[in-house]
Amino acid sequence: MADDRDREGAEIAVAEFHKKIKEAFEVFDHESNNTVDVREIGTIIRSLGCCPSEGELHDLIAEVEEEEPTGYIRFEKFLPVMTEVLLERRYRPIPEDTLHRAFEVLDPAKRGFLSKEELIKYMTEEGEPFSQEEMEEMLSAAIDPESNSIHYKDYITMMVIDEN
């Protein structure tokens, strides 16, 4: 009996995921032909609450791309891969307290903020560097125009995805 209930729950979860994936995909299917530009895949995946690294995103795209890359991703190839990602809860967002500790490492004086210059330096010279486009996008969301700095506690609160 419990097995039937588990299977039924899993089927409902899969149906819910299929609906969410289709809705997210359709936003970027400008031609309404069940394809999206490969460059939109990261945005679609992130809109579904997943936060893959650039490397993970690259691997995911390789998995759903045609043998002969066309620059487009077909829905029927994307759906099963993305369903599996959601079922396995892959690429979960980093918890708020972990993000806060990471910012504190960059702010040893514990001021509660980083200057715009510090932020640019860390995001372009350390770890997996941000592209120019990613940097501009982050700055537009993160930097307080009055102080020209990022008050990271406020920024983290704004950025964290509510799991409920």
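All of these numbers come straight from a predicted model, not from anything done at the bench.

What about helix α3 (residues 54–64)?
Taken together, the buried positions of α3 are L57, L60, I61 and V64. Buried residues of α3, viewed axially, fall in a sector of 100°; they line one side. Turned more than 90 degrees away from the buried face of α3, the exposed residues are H58, D59 and A62. Elements that come into contact with the buried residues of α3 comprise α2 (41–47), β2 (72–74) and α4 (75–87).

Some words on helix α7 (residues 132–142)
An α-helical segment advances 3.6 residues per turn. Residues three or four places apart therefore align on the same side. Every buried residue of α7 is listed here: M135, M138, L139 and A142. Looking down the long axis of α7, one finds its buried residues gathered within 100° of arc, a one-sided arrangement. Set apart from the buried face of α7 by more than 90 degrees, the exposed residues are E133, E137 and S140. The elements touched by buried residues of α7 are α6 (116–125), β4 (149–151) and α8 (152–159).

Quick word on the domain arrangement of the chain
We note that the domain assignment places domain 1 (1–88) and domain 2 (96–159) within the chain. Put simply, the middle of domain 1 and the middle of domain 2, counted by C-alpha atoms, are 30 Å apart.

Points about the state of the cysteines
This model, assessed by the stated rule, comprises zero disulfides. Here C50 stays free of any disulfide, with the sulfur of C51 as its closest cysteine sulfur at 7.3 Å. Taking relative accessible area as the criterion, C51 reaches 35% and is therefore assigned partly exposed.

Rules used throughout
- Residues numbered from 1 in each chain as written.
- Predicted model: local features only at pLDDT ≥ 70, side-chain atom pairs only at ≥ 80, totals over all residues.
- Heavy atoms only, no water.
- Buried < 20%, exposed > 50% of the residue type's maximum accessible area, 1.4 Å probe, protein only.
- Helix = DSSP H or I, 4+ residues; strand = E, 2+ residues; numbered from the N terminus.
- Arc of directions from axis to C-beta.
- Contact = heavy atoms within 4.5 Å.
- Domains from an automatic or database assignment.
- Disulfide = S-S within 2.5 Å.

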